[in-house]
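Next come the chains, spelled out residue by residue.
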Amino acid sequence: MNITGKRILITGGSSGIGLALARAFVAKGANVVITGRRADALANAVRNLQQNAQQSDYGSNTRVCGVAADVAKPDGRATTITQALEALGGLDILVNNAGGVRAGRLENTAEADLQAMLDVDLVAPILLTRDALPALRASGEAMIVNVSSGIALVGVPFYATYAAAKAGLARFGEALRRELKGEGVHVLTAYPSGTDTPMMRSNRAGPELGFTLEPADDVAKAIVDGIESNAFDVIRGGGARAQMIALNGENPAAIDERFLGLKRSLEVAVKDHAAL
Ligand SMILES: NC(=O)c1ccc[n+]([C@@H]2O[C@H](COP(=O)([O-])OP(=O)(O)OC[C@H]3O[C@@H](n4cnc5c(N)ncnc54)[C@H](OP(=O)(O)O)[C@@H]3O)[C@@H](O)[C@H]2O)c1
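S.K.: How should the site of the ligand be read in this particular structure?
M.R.: Near the ligand, the surroundings consist of 31 residues, among which Gly12, Gly16, Gly36, Arg37 and Gly99 are the closest. Among the elements of the structure, α1 (16-27) and β2 (31-36) are those that each provide at least two residues to the shell around the ligand. Element by element, the count of residues in the shell around the ligand is highest for α1, at 3 residues. Looking at the shell around the ligand residue by residue, the classes come out as 12 nonpolar, 16 polar and 3 charged.

S.K.: Looking at this structure, I do not really get the pairing of strand β1 (residues 7-10). What am I missing?
M.R.: Moving residue by residue along a regular strand, the side chains alternate between the two faces of the sheet. Here β1 shows a buried face lined by Arg7 and Leu9 and a second buried face lined by Ile8 and Ile10. Here β1 pairs with β2 via 4 bridges, running parallel. Directly across from Leu9, in β2, lies its bridge partner Val33. Running through α1, the crossover from β1 to the neighbouring parallel element β2 is right-handed. Pairing geometry for β1 and strand β4 (residues 93-96), over 3 bridges, is parallel. When the sheet's bridge partners are listed, Leu9 is paired in β4 with Leu94.

S.K.: Explain unusual backbone geometry here, please?
M.R.: Glycine aside, residues mostly have negative phi, and peptide bonds are mostly found in the trans state. The residue Phe158 is not glycine, and still its phi comes out positive at about 75°. Positionally, Phe158 belongs in the loop between β6 (142-147) and α5 (160-179). Of note in the backbone geometry, Asn230 takes a positive phi value of approximately 50° without being a glycine. By the element assignment, Asn230 lies in the loop between α6 (216-228) and β10 (233-235). Take Asn230: there are 10 C-beta atoms within 10 Å of it, and that puts it in the exposed class.

What counts and what doesn't
- Starting from 1, residues in each chain are numbered consecutively following that chain's sequence as written.
- In keeping with the model being predicted, local features are shown solely for residues with a pLDDT of at least 70 and side-chain atom pairs are shown and tallied solely at 80 or more, while totals for entire chains, interfaces and linings include all residues.
- Near residues are defined by distance alone, with the backbone-placed C-beta atom required to lie within 6 Å of the molecule or strand.
- A run of DSSP states H or I qualifies as a helix once it reaches four residues; a run of E qualifies as a strand once it reaches two. Both are numbered from the N-terminal end.
- Residues are grouped as follows: Ala, Val, Leu, Ile, Met, Phe, Trp, Tyr, Cys and Pro are nonpolar; Asp, Glu, Lys and Arg are charged; every other residue, Gly included, is polar.
- Buried means a residue has 20 or more other C-beta atoms within 10 Å of its own C-beta, exposed means 12 or fewer, and partly exposed covers the counts in between; C-beta atoms are placed from the backbone.
- Should DSSP find at least two bridges between two strands, the strands are taken to pair.
- If the strands point away from the viewer and the path from the first strand over the helix to the second runs clockwise, then the crossover is right-handed.

These figures come from the coordinates and say nothing about function on their own.
Laid out in C-alpha cells, this is it:
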C-alpha cells in the first residue's frame, strides 16, 4: 500500500510507538489523527507533527489532528471514531496502538488492573475495528494495523494477562484478515519487542533478563515497511528473538527452564512496571 495521501487514525499517538508512527506517516504525506487521554500531551504532539508536516515535501497538504478520548470507554471510542472521520473525511488505515500494562504475579494483581489491561489492549481494538469497518470498506484500499507484542509469541512470567490480551489481539487480527480477504481491507499485526518508550520507564529489567530496548523510530519504520509491502506480520527483536520464538514452538520446556533461572530477579525487576 502506498501511504501518501492516506487517511490514518492512530490510537495512542501522543507518545512512544504511536507518535513515532505518526511522524513516519506525516513524512510520507499521509493525513493523520492521533489520540490519547491526556489533552496536554496530545496538543503538544499535534503541534510538533504539524511543524514536521510543514517542513516535509508535502507541506500544507497534510492534515494532523488530535482527539482527546479514552478508548477503553464506550463514549471515548464513539468520540474517537466520530471526530477522526470528521477530521479526515474518511479512513484508510486504523492503527490500534493504544495499550497499557501492569506486571506482577497474577495472585497479587488487582482485578481492576487486570480488567483495565483487557479493556485497552483487547476489547478496545476489537470494538474500534468493528465501528471503523464501514469507513474502511468505503476506502476501497484499507488496512487495520494491530500493535500486539512479542509477549504474544513467547509468554513471559509476571505478564500473564498482558500476554493473554496481546495474543488475543494477534489471533483476532489473523481471523479478521481471513474474514475480510478479497473485500479491500487487509490486517497487519505488529509484534514490538522491548521498545524505548514511556511505557517501559517503570520496568527495571535489563538485557541480563532478556529486556533490551530499541528506539521507537526503528519499530515505526519496520511497521511502515510492513504496510507498504502488505505484510501479515512485523516481528521485532532481531535474531535472538526469532530463535526464542522458534524454540518456544519446538521445545517450550527449554524456555520454561530459561525463565526458571531468571524468575527471582525478573519478579523484582518488573514488580513496579505499570502504565495503565
Ligand atoms: N514499549 C514496549 O516495549 C512495547 C513492546 C511491545 C508492545 N508495545 C505496545 O505498543 C503500544 C504502544 O506502546 P508505547 O510503548 O508506545 O507506550 P506509551 O509511550 O506509553 O504510549 C501509549 C500511548 O497510548 C495512549 N493511551 C494509553 N491508554 C489509552 C487509552 N485508554 N485511551 C487512549 N489512549 C491511550 C497514551 O496516551 P495517554 O496516556 O495520554 O492516554 C500514549 O499516547 C502498546 O499497545 C503497547 O502494549 C510496547
